[in-house]
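Each chain is listed here by its residues.
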Amino acid sequence: MQPVAAQTERSTDIASTVVATMRQLGVLGLPRNYEIFYEALSGTNRELSLAVVSLSNRPTQDELDQIGRAFFAHNHGPGIVEHARDVIARELEEVASLLRSERSHIEKYGRILDETSSGLSNRSLLSQDLLQKIAGAMAVATNSTIDHGRQVASMLNDKTAELESVKSKLEEYKRLADTDPLTQIWNRRAFDKEITRIYNSNKGILFNALILVDIDRFKDINDRYGHPVGDKIIQIIAEIFQTSIRGDMFVARTGGEEFALIIEGASEDATYDIAERIRALIEQTPFTSSQTGMNYGTVTVSMGICMASEAEGPEDLYTKADRALYRSKVSGRNRVTRHSTMGRAGKSWLLYKKD
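Thresholds applied
Residues numbered from 1 in each chain as written. Predicted model: local features only at pLDDT ≥ 70, side-chain atom pairs only at ≥ 80, totals over all residues. Heavy atoms only, no water. Helix = DSSP H or I, 4+ residues; strand = E, 2+ residues; numbered from the N terminus. Buried < 20%, exposed > 50% of the residue type's maximum accessible area, 1.4 Å probe, protein only. Contact = heavy atoms within 4.5 Å. Areas by Shrake-Rupley, 256 points an atom, 1.4 Å probe, with all protein chains shown as cover. Pairing = 2+ DSSP bridges. Right-handed = clockwise from strand over helix to strand, strands pointing away. Salt bridge = Lys/Arg side-chain N within 4 Å of Asp/Glu carboxyl O. Expected span 1.5 Å × (residues − 1). pLDDT = per-residue confidence, 0-100. Core = buried A, V, L, I, M, F, W, Y, C linked by side-chain atoms within 4.5 Å. Axes fitted to C-alpha atoms, helices over the stretch in contact; angles between N-to-C directions.

1. Quick notes on the overall build of the protein chain
On a plain count of helices and strands, the protein chain comes out with twelve helices and five strands. Classification of the 355 residues of the protein chain by burial places 41% in the buried group. Of the contacts formed within the protein chain by residues at least 6 apart in sequence, a portion of 67% connects residues at least 24 apart. Carbon and sulfur atoms make up 52% of the accessible area of the protein chain, which amounts to about 20100 Å² in all.

Structure representation (structure tokens):
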């Protein structure tokens, strides 16, 4: 294990490297730019690092914001939505203009038909020469209308494709806005919506449970090994969650070292078994550096469970699961506690500070 002083110096070195790199590339010292380079240089996100490496020697702010929108959508949401609004407004105006043009062309074609029909009704004036001229004029008008219709249809297809592209980008932004950039699982924003959804129906209340998770002594891990190591441990634990539950179950990172799982369709005993299995798996997982081989020791988590039927609403459910989590903490950590086994809890349960 490295001394605290050495790790503090390492974290300082990363910060200094970030600032020096930004200056060398002529990048403005904006918080959103600093976030990009810090994550890239700390090596916690390989795809982000590759995106930064591919930048030119003098990247523009637009290029940096493109990376920001891809990896940190939470910082670029207003800009993405505003851009989409402008594109949609422009495309709709162009579609309306096309339809107005088509209407004008069809009305003109209609007038030609009316005039031709009137001429044909006067049998005394008809002759072979006149009929040939009428047929020729009709052929020209018809072909012109058909060609114009094809052009409008082609242009409308193009506009449809462009609008579909905007729709796809908005859907992707929505996904990114609900995704934690470090772990690629759901974030607190998505969790708040999901826990509220539970109480939209009686079925949700009867068949849902909340598990809150907190990494034990995580501050000590950061202080001893540095934040990049702490971030890597968070990523490994998030991956354990994802691979240890069904695909239809919900898992989110709700804070620095805090996670939440919403389990649907399981009894309290089954929910406890899920939590206990994940807890044991994390305890048994070796946390080592793939580059240096350094072993960071055993990492454990504490958990609290509350069934949705035990709470009056989303806030109450979260509070009760949090109390159960705190009971796990004060009882020695690395364990799972059910709220139903705690009995009545006094106000003191709300006054605590997690490590």
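2. Looking at the pairing of strand S4 (residues 301-307)
Within S4, seven of the seven residues are buried, which leaves the element mostly enclosed by the surrounding structure. Residues Val 301, Met 303, Ile 305 and Met 307 line one face of S4 and the alternating positions Ser 302, Gly 304 and Cys 306 line the opposite face, and both faces are buried. As paired elements, strand S1 (residues 208-215) and S4 share seven bridges and run antiparallel to each other. Its bridge partner lying in S4, Asp 214 is registered against Ser 302. Across three bridges, the pairing between S4 and strand S5 (residues 336-338) is parallel. Following the sheet pairing, Gly 304 is matched in S5 by Thr 337. Between the parallel elements S4 and S5, the chain passes through helix H12 (residues 314-330) in a crossover that is left-handed.

3. Quick notes on the pattern of salt bridges
As enumerated under the stated definition, the model contains 14 salt bridges in all. Across the pair Lys 329 and Asp 216 runs a salt bridge whose closest N-O atoms are separated by 2.9 Å. Note that Lys 329 is positioned in helix H12 and Asp 216 in the loop between S1 and helix H9 (218-225), a separation of 113 residues in sequence. Pair check on accessibility: Lys 329 and Asp 216 agree, each one buried. Of the charged contacts, one joins Glu 283 and Arg 279 as a salt bridge, the two residues approaching to 3.1 Å between their closest N and O atoms. In this pair, Glu 283 and Arg 279 both sit in helix H11 (residues 268-284), four residues apart, roughly one turn of the helix.

4. Things to note about helix H2 (residues 31-42)
Spanning twelve residues, H2 covers 16 Å between terminal C-alpha atoms, matching the ideal 16 Å at 1.5 Å per step. Those residues of H2 that sit buried are Asn 33, Ile 36, Phe 37, Tyr 38, Glu 39, Ala 40 and Ser 42. Downstream of H2 by one or two residues, Gly 43 has phi in the positive range, about 75 degrees.

5. Considerations on the confidence of the model for the protein chain
Residues with a pLDDT of 70 or more make up 66% of the protein chain, whose mean pLDDT is 79. For the stretch residues 1-11, pLDDT sits under 50, and the model shows 15 contacts to residues farther than four places along the chain or on other chains. Here residues 345-355 is a poorly scored stretch, pLDDT under 50, and it has 21 contacts once near neighbours within four places are set aside; other chains count.

6. Digging into the nonpolar core
For soluble globular proteins, the rule of thumb is that nonpolar side chains tend to be buried together. Membership of the largest hydrophobic core comes to 33 residues, with the highest contact counts inside it found for Ile 237, Phe 241, Phe 259, Leu 261, Ile 278 and Met 303. Counting only elements with at least two residues in this core, the list comes to S1, H9, helix H10 (227-244), strand S3 (258-264), H11 and S4. With seven residues, the single largest contributor to this core is H10. Setting aside residues up to four positions removed in sequence, Ile 237 forms contacts with Ile 215, Phe 259, Ile 282, Phe 287, Val 299 and Val 301. If you look at the next biggest cluster of nonpolar residues, it comprises 18 residues, including Phe 191, Tyr 199, Ile 262 and Cys 306.

7. Points about the sheet that holds S1
Sheet architecture is open: five strands sit in the order S2-S3-S1-S4-S5, paired in mixed fashion. The open sheet has two free edges, formed respectively by strand S2 (250-253) and S5, since each of these has just one partner strand. Pairs of neighbouring strands in the sheet enclose a mean axial angle of 15 degrees, with direction left out of account. Examined bridge by bridge, S1 and S3 share seven bridges and lie antiparallel to one another. Paired with Asn 208 across the bridge in S3 is Glu 264. Helix-sheet contacts for helix H7 (residues 188-198) involve S1, S2 and S3, and the interaxial angle to S3 is about 30 degrees. Against the sheet, H12 makes contact with S1, S3, S4 and S5, and its axis sits at roughly 145 degrees relative to S4, the strand it touches most.

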